[in-house]
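# Residue-level structure breakdown
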Amino acid sequence: MIDSLLEHIRGIGRRSIDRVWRMGVAARFFMLVLLHSGPSFRRFHLIIREIFTAGVLSLIIILVSGLFVGMVLGLQGYETLQTYGAEESLGVLVSLSLVRELGPVVAALLFASRAGSAITAEIGLMKATEQIAAMEMMAVDPIARVVAPRFWGAVISMPLLAALFSAMGVFGGYLVGVVLIGVDEGSFWSQMQAAVDFKEDILNGVIKSVVFGIAITIIALFEGYDAPPTAEGVSRATTRTVVTSSLAILGLDFVLTAFMFRGV
Amino acid sequence: MQRATLDLWVGLFVVAGIVAVLFLALKVGNLGSYDNGETYVVKASFDNIGGLKPRAPIKSAGVVVGRVVEIGFDPKSYEAVVTLSLAARYQFPKDSSAAIMTSGLLGEQYISLEAGGDEKMLASGDALKITQGAVVLENLIGQFLYNSGDKEKEPAAE
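Residues numbered from 1 in each chain as written. Chains lettered and ligands numbered in written order. Predicted model: local features only at pLDDT ≥ 70, side-chain atom pairs only at ≥ 80, totals over all residues.

With that settled, consider the sheet that holds strand β8 (residues 130–132) of chain B. Residue and element names in this part refer to chain B. Sheet architecture is open: 8 strands sit in the order β7-β1-β4-β3-β2-β6-β5-β8, paired in mixed fashion. The sheet is open, and its two borders are formed by β7 (127–128) and β8, each paired with just one other strand. Pairing geometry for strand β2 (residues 57–60) and strand β3 (residues 63–74), over 4 bridges, is antiparallel. The residue of β3 that forms the bridge with Ser 60 is Val 63. (Pairing = 2+ DSSP bridges. Helix = DSSP H or I, 4+ residues; strand = E, 2+ residues; numbered from the N terminus.)

All names here are of chain A. Positionally, Pro 228 belongs in the loop between α9 (198–226) and α10 (231–260). A residue is classified by how many C-beta atoms lie within 10 Å of it, and Pro 228, with 13 of them, is partly exposed. Considering only alpha carbons, one finds Pro 228 and Val 196, 32 residues apart in sequence, at a separation of 48 Å. (Buried ≥ 20, exposed ≤ 12 C-beta atoms within 10 Å, placed from the backbone.)

The nonpolar side chains of a soluble globular protein tend to be buried with one another. Ranked by size, the top nonpolar core spans 74 residues in total, and within it Ala 107, Ala 108, Phe 111, Leu 161, Ala 163, Leu 164 and Leu 221 of chain A carry the most contacts. For this core, the secondary structure elements donating two or more residues are α3 (44–54), α4 (59–83), α5 (90–128), α7 (142–181), α8 (185–195), α9 and α10 of chain A together with α1 (3–28) of chain B. The element contributing the most residues to this core is α7 of chain A, with 21 residues. Not counting residues within four places of it along the chain, the set of residues in contact with Ala 108 of chain A comprises Met 158, Ser 209, Phe 212, Ile 216 and Ile 249 of chain A. (Core = buried A, V, L, I, M, F, W, Y, C linked by C-beta atoms within 7 Å. Contact = placed C-beta atoms within 7 Å.)

In this section: the pairing of strand β6 (residues 109–114) of chain B. All names here are of chain B. Two strands pair when backbone bridges link them, and β2 and β6 are joined in this way by 2 bridges, in the parallel orientation. Its bridge partner being in β6, Ile 58 is matched across the sheet by Ile 111. The pairing of strand β5 (residues 97–102) with β6 spans 6 bridges and is classified as antiparallel. The partner of Met 101 across the bridge, within β6, is Tyr 110.

Here it is, written out as structure tokens:
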């Protein structure tokens, strides 16, 4: 009885130690990537290739989702605001919710499942097929050649994608609010401009998306680099990337919001 | 994929991203509407600022001429000290008066600047002498009830 209880507690302890240990390894991996970033900036076309795979190829899903999120916000917001006779504030509602929260967060969630999983699978497969070991054999540093360009490509892409998502969403809200329902165009934009502050709202949104970009990419790279070199190991690592980075995005978003928008 | 096509796509993507940020800053945000050009700073003390917030607009004749920069409390006079930043192209006489108003019945509060008749103009660092604080709705209702109570009593006393 006591023995089985102790064994349970030991199990909890083992798992906690394992988690903390893995986080430590991930943090060291992050530092390693930063230290080996110099060469990849000297060979900038490597980063450009990664911006293409992580950023340009994610454009369609980001733009379409942004448009639809904005349109739905427009419809739902109008329904509620109309009961208070405040339908002119639709622009404020759509733009503030997009720029502050939905833009960075939803774009990051999409980015984690679209680009993050691809990064993990690619690096995991490279490891499984011993391409990384081969590079080490040829005295090519795999961190500088494979990992760092992917890191910077994704970190550069993420804020741009989040901004495109927000802009597309505002356009979607405009489409539904002004063109479809017929809210006055002038007050739609002017109330929006009066309520949205560049530093307080837009810049903080950009900072959020940069932080999310770093978190997603480092999780994806680490999971890929750390994956057991088997088909099952790579598939598990890909799943873990999506789950862990989605949770990290939501957790980080709460912390950042608490710091940024505590009210004046 | 060809290096040139790759560069083209990435270039287009980066340009589109920057355009999106500019669109957010200029069309959605307020970067285009203020902070352009020179400003000068004046102070005004109010007995009560109500719900005035930093960045609230300062309007004269309904036109936005500046923004509230800072709100402080003076522990000696027990008054609120509001720092106003006005656009340099709008000059106001030294005896201009400031009042805290509400846009609409429940809207946001702003400072209304009424021009005076002085020949000298306000300079940076000056203080506005004539101010009128915010009207607190509760006080107004209290006053109204008090007054109507008086009126009912009067005929009874006669």
